[in-house]
Amino acid sequence: MKCPFCGYLDSKVIDSRPTDDSASIRRRRECIKCGKRFTTYEKVEQVPILVIKKDLSREAYDRDKILKGMIKACEKRPVPIKKLEDLADEIERDIYNSYEKEITSAQIGEMVMEKLKNVDEVAYVRFASVYRQFKDINTFMDELKKLLNDNEERK
């Protein structure tokens with residue numbers, strides 16, 4: 001590993017341990033030449049996922065877009081950011097575990113709505129109203145009726 005201080009191409013590992021989420025390995029290294037220490041992280045290489053948008057264009061998958069959408073839906077709601085980050089992690093895990101190289105934005109939207117429905121119903125309706133682009137009050141009311149029926153079935 002190249003030293004960030006002197007540029008020397010060799011270092012030795014002083015300590016290795018998993019990160020808190022066990023998604024990567026944190027390594028403390030020491031440069032053989034200058035003796036300075038630095039930290040590196042090692043993680044599994046992810047296969048790039050492409051998102052197929054409504055207009056059939058493709059773009060690289062971006063977890064932050066999912067998180068930002070959920071944060072927007074949860075504005076002024078009692079949902080901690082940590083919970084939303086955990087949901088984004090779950091969605092990302094589901095996407096990568098599907099072993100598909102492409103996923104539609106519609107599939108991602110449905111995954112987000114399913115997660116939000118179980119966390120905060122108001123945030124779910126907010127997200128659904130943007131995602132499903134309700135054309136009028138009737139389609140909005142239909143979605144609310146579905147939500148109410150789901151709640152009755154759970155009780």
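Residues numbered from 1 in each chain as written. Predicted model: local features only at pLDDT ≥ 70, side-chain atom pairs only at ≥ 80, totals over all residues. Heavy atoms only, no water.

As annotated in an unreviewed UniProt entry, the chain is Transcriptional repressor NrdR from Thermoanaerobacterium butyriciformans. Per UniProt, the chain carries the Sequence similarities (unreviewed entry) text "Belongs to the NrdR family." (UniProt positions renumbered as here; feature names shortened; annotations may be inferred.)

A few points about the sheet that holds strand 1 (residues 11-18)
An order of 1-2-3 is seen for the three strands of this open sheet, with the pairing classed as antiparallel. Every other strand in the sheet has two partners, leaving strand 1 and strand 3 (37-43) as the edge strands with one partner each. In this sheet, adjacent strand axes meet at a mean angle of 25° when their direction is disregarded. Bridge count for strand 1 against strand 2 (residues 24-31) is seven bridges, and the pairing is antiparallel. Residue pairing for strand 2: K12 is matched across the bridge by E30. (Pairing = 2+ DSSP bridges. Helix = DSSP H or I, 4+ residues; strand = E, 2+ residues; numbered from the N terminus. Axes fitted to C-alpha atoms, helices over the stretch in contact; angles between N-to-C directions.)

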